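# Coordinates in review
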Amino acid sequence: MRTDSLNKILLVGKPNAGKTSLFNQLTGLNQKVGNYSGVTIEVLKGKLGSSEIIDIPGLQSLNTSSPEEVISKKEIIKAASMQQTIVFVANAMQLFDSLHLFSQIADLQTPTIFAINFIDEANKNKLTIDKEGLEKKIGCPVAFINSRKGEGIQELKKIIQNTKTSIPNTICRSNYDVIDQGHINNTYITNLENALDIADWEDDYTRRQKVLLPIMNAYVVSGKSDTYLLNTYKWDKILLHPIWGMLIFFATLYMVFQSVFYFSSFPMDWIDSGFASLSELARNTISIDWLQNLVANAIIPGLSGVLIFIPQIAILFFLISVLEQIGYLSRISFISDAFLKKFGLSGHSVIPLVSSWACAIPAIMSTRIIENPKERLTAILTLPLMTCSARLPVYVILIAVLFPANSGAFFGVQGLFLLALYLLGVIATLVLAWLINKYSKVESNSNWALELPIFRKPNWKNIFLTVFNKTKTFVFQAGKIIFIVGLILWFLANWSPKSEAFLAQKQKESPSQTMEAVKLEYSYLGYTGKSIEPLIKPLGYDWKIGIALVASFAAREVFVGTLSSIYSIENNDEKTIVNKLRNETDRNGNKMYDWATALSLLLFYVFSMQCMSTLAIVKKETGEWKYVAFQFIYMLVLAYGSAFITYQILS
Amino acid sequence: MNDPQDIRDGRFIITAINGQQTFKSFLLGHNIAVGSAITINYSPKYAQLISITVRQKILSIRTEDFKNIECVRIA
């Protein structure tokens, strides 16, 4: 046994082996974990004492070549070339499956620790592993861990930090020895870098099999492991059933959206009225006019426009996380594969599609789990049509303007309407996916498999931390933009190229307007809005909505905050944003947010691409500006066209 | 070639893998090769997928791909 001690530790293993749970346990961080393959889509880094822990996407073999596996393969080869330590994480119940990958890692001859995860499930299924015997045989330390509950982590930390890790015995490395001018050169790493052809790979597989099978037989005693999957089989017969499975699927979807509305309505009302009172307080206590105006009409309404959506976003993230962790999302992939295939997508697209309900950015990154290049490009180009959390504030406000509250009932028209908008996003995604797939000339391959994880109880601590982190990210990312845009809007709204006398004269000419409304109309902001009015008038929007539309082109969540700021500047009598919108009238005294305008606006937001960050990530993932331009233009055309048709028919 | 309808629910040994090289390497990535023992699980027709268990791992493969896997029943 050779020994070595290094500071960088790479976590390697098959997909869904629990690497990220272990990463969180070792580093004290809280990266997203799930119960399906492909949760980790990029390299994650954290600290354990003086060591750096690096978590990489799971991979099936060092010979495969899917995009996320290539990232991992490169990291592993790099780590081995620098003699960094690898912690190989294996699912105890799928040990033989993991041993193949371990044997490939062992042949890289870098210090390694073999961490056998989900040891609780092994104990439950009476699977006995001879730890000492296995350690001697493979030549490196073995640790039993349960990364979900933190069991065995201290022992693993001690192995990492206090003892010198060992380079494992080779398995098939000598097969790659080549004698060159009397010297033995090993070509194992070169072969991995260049990818083996199928005949060589089959040969390599068979040789490894011959070494690994005796190891399994000697050191792993299977008790009643056949019962390991029994519960999963039983549940799958119900959840994948053509009738019950479909009913459960649609009921789950419906309950998610009803819950988002029902459970968030009270805290949202509290936040809304709380900020209204805060604005009132600012008006009554701040004596400096401009400061009072800035705080009460820009800062507080802007903040309210972000914070009010915390309950809904937190509930949505919570429910999606629960579905992920119990293993149901993979069943949705199974159920929907045949259907999605008709549109050029597959069951693998379900996880990016569902993730898009939270945010298109991680969803687009998670398309790396799709091995088919054509399907991956189709998914990237269409995912932003799914309803992300930034659209939710716009939908919620406009639905609340159109429909009265649910009056305490769990099932209500608001939830149904929200579900309809989400479904519209799904339909648009599928139709566009079909079109893009039909006309795209990108190469396609048809090999496809889906791993169905066993059903597991959710890890509540992790779910709550995930919800907290995601909500915090939304608040801070959106909050920063909304705050800055709010300040710019306030300045533009409070400065005018016209004199005070001109404004007073205008107010005299139309006494129905307040002085604040006249000032806003003739401010720089008012002129900006009016300059784009001819373009948006056919959609039913006035210059105030135009300002909010332009302001939200960088990030769509800015829309509500902008409207909130504009109407606060103009009218302080109404306390909440919903009431302000309900009572807003056009120049002729008609309701501004009638069915035609509100629906036209909703449809504009269903289809338009108003997120600079998404465009940036599309560029990063596709590597080409032409796809970014195509996506922005087709979504804008779709948004404008549907809003135009809706308003012209309904008005 | 298998007709997936004939080989539902049971334990099988893979005797041959046909089809393109990419399919073979794809299966090898999942440690499925000639000689592997697989269990075929409940797979509803509408899904057009065959659910198999290989070494305690449940994997679903499309019916048209599964036709390239030849196997014989062992239980």
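Each value, and the rule that gives it
- Residues numbered from 1 in each chain as written.
- Chains lettered and ligands numbered in written order.
- Predicted model: local features only at pLDDT ≥ 70, side-chain atom pairs only at ≥ 80, totals over all residues.
- Heavy atoms only, no water.
- Phe/Tyr/Trp six-rings, centres within 6.5 Å; stacked < 30°, edge-to-face > 60°.
- Helix = DSSP H or I, 4+ residues; strand = E, 2+ residues; numbered from the N terminus.
- Buried < 20%, exposed > 50% of the residue type's maximum accessible area, 1.4 Å probe, protein only.
- Polar contact = N/O pair within 3.5 Å; in protein donor to acceptor, adjacent residues only side chain to side chain.
- Contact = heavy atoms within 4.5 Å.
- 1 Å grid on protein atoms, 1.4 Å probe; cavity = no way out; pocket = protein on both sides within 12 Å on 5 of 7 lines; lining within 4 Å.
- Points joined across faces, edges and corners; volume = space filled by probe spheres on them.
- Nonpolar A, V, L, I, M, F, W, Y, C, P; charged D, E, K, R; others polar.
- pLDDT = per-residue confidence, 0-100.
- Pairing = 2+ DSSP bridges.
- Axes fitted to C-alpha atoms, helices over the stretch in contact; angles between N-to-C directions.
- Core = buried A, V, L, I, M, F, W, Y, C linked by side-chain atoms within 4.5 Å.
- Domains from an automatic or database assignment.
- Buried area = accessible area lost by both parts, 1.4 Å probe.
- Salt bridge = Lys/Arg side-chain N within 4 Å of Asp/Glu carboxyl O.

### Focus: the packing of aromatic side chains
Think of a pair of aromatic rings as described by two things: how far the centres are apart, and how the planes are tilted against each other in angle. All names here are of chain A. Enumeration over the complete set of coordinates arrives at 21 aromatic pairs over all chains. Ring geometry for Phe502 and Tyr522: centres 5.3 Å apart, planes at 85°, overall edge-to-face. In this pair, Phe502 is assigned in helix H21 (residues 500-509) and Tyr522 in the loop between helix H22 (515-521) and helix H23 (524-536), connecting sequence segments 20 residues apart. For Tyr522, a relative accessible area of 15% puts it in the buried group.

### Overview of the side chain of Ser552(A)
Residues and elements named next belong to chain A. Mapping Ser552 onto the fold places it in the loop between helix H24 (543-551) and helix H25 (558-570). A distance of 2.9 Å separates a polar side-chain atom of Ser552 from the backbone oxygen of Ala548. Setting aside anything within four residues of it in sequence, one finds Ser552 in contact with Val558, Phe559, Tyr605 and Gln610.

### Re empty space enclosed by the protein
Scanning all chains against the criterion turns up six cavities of 30 Å³ or more. Taken as a whole, the second largest cavity encloses approximately 120 Å³ of empty space. Contributing to the lining of the second largest cavity are 18 residues, with Pro15(A), Asn16(A), Asn91(A), Gln94(A) and Glu451(A) lying nearest its centre. When contributions to the lining of the second largest cavity are tallied by element, the ones reaching two or more residues are helix H3 (95-106) and strand S13 (449-452) of chain A together with strand S4 (57-62) of chain B. When its residues are assigned to classes, the lining of the second largest cavity shows eight nonpolar, five polar and five charged.

### Digging into unusual backbone geometry
The backbone of Gln109(A) shows a phi angle near 55°, a positive value even though the residue is not glycine. Take Gln109(A): its relative accessible area is 16%, and that puts it in the buried class. Positive phi, close to 50°, is recorded for Arg55(B), a residue that is not glycine. Along the chain, the position of Arg55(B) falls in the loop between strand S3 (49-54) and S4.

### Notes on the confidence of the model for chain A
When pLDDT is averaged along chain A, the result is 84; 92% of the residues meet or exceed 70. Segment residues 1-6 of chain A is flagged for pLDDT under 50; beyond a separation of four residues in sequence, or across chains, it makes 21 contacts in the model.

### Quick word on the pairing of strand S10 (residues 177-180) of chain A
Residue and element names in this part refer to chain A. One ladder, built from four bridges, connects S10 with strand S11 (residues 183-186); its direction is antiparallel. Of the residues in S11, the one forming a bridge with Ile179 is Ile184. Hairpin geometry of S10 and S11 is characterised by an intervening segment of two residues between the two adjacent antiparallel strands and by a positive phi of about 50° at Gln181.

### Thoughts on helix H17 (residues 373-382) of chain A
All names here are of chain A. Counted residue by residue, H17 has nine buried out of ten residues, so it is predominantly covered. Within the span of H17, buried status applies to Lys374, Glu375, Arg376, Leu377, Thr378, Ala379, Ile380, Leu381 and Thr382. In this structure, the buried side of H17 is in contact with helix H16 (360-365), helix H19 (413-439), helix H28 (612-622) and helix H29 (625-650). Looking at where H17 begins, the residue whose side-chain oxygen comes 3.1 Å from the main-chain nitrogen of Lys374 is Asn372.

### Concerning the sheet that holds S4(B)
Read from one edge to the other, the open sheet built from six strands follows the order S13(A)-S4(B)-S3(B)-S2(B)-S1(B)-S5(B), with strand pairing classed as antiparallel. Because the sheet does not close on itself, it has two edges, and the strands there are S13 of chain A together with strand S5 (69-73) of chain B. Going across the sheet, the axis of each strand differs from the next one's by a mean of 40°, ignoring polarity. Judged from the four bridges that link them, S13(A) and S4(B) form a sheet pairing that is antiparallel. In the sheet register, Leu452(A) faces S4(B), and the bridge partner there is Ile58(B). Of the strands in this sheet, S13 of chain A together with strand S1 (10-17), S4 and S5 of chain B are in contact with helix H1 (residues 21-29) of chain B, which crosses S1(B) at around 135°.

### Notes on the nonpolar core
All names here are of chain A. In this structure, Ile76, Phe114 and Tyr593 are the most contacted members of the largest nonpolar core, which totals 170 residues. The element that contributes the greatest number of residues to this core is helix H18 (residues 391-402), accounting for ten residues. Inspection of this core shows a minimum of three residues originating in each of domain 1 (3-225) and domain 2 (478-593).

### Re the environment of Ser600(A)
With respect to the helices and strands, the residue Ser600(A) is situated in helix H27 (residues 595-607). When the C-alpha atoms of Ser600(A) and Thr646(A) are compared, they prove to be 5.6 Å apart, with 46 residues separating the residues in sequence.

### A closer look at the interface of chain A and chain B
On the chain B side, the residues contacting the 41 residues of chain A number 32 residues. Summed over both sides, the interface between chain A and chain B buries roughly 3400 Å², with carbon and sulfur atoms accounting for 57% of that surface. Here chain A and chain B share three salt bridges between them. Here Asp97(A) and Lys57(B) are joined by a salt bridge, their closest N and O atoms 3.0 Å apart. Run the count over chain A and chain B and you get twelve residue pairs in polar contact (both at pLDDT 80 or more). For the side of chain A that touches chain B, the elements supplying multiple residues, two or more each, are H3, helix H8 (198-219), helix H9 (230-239), helix H14 (328-341) and S13 of chain A. Of the residues in the side of chain A that touches chain B, the class split is 19 nonpolar, twelve polar and ten charged.

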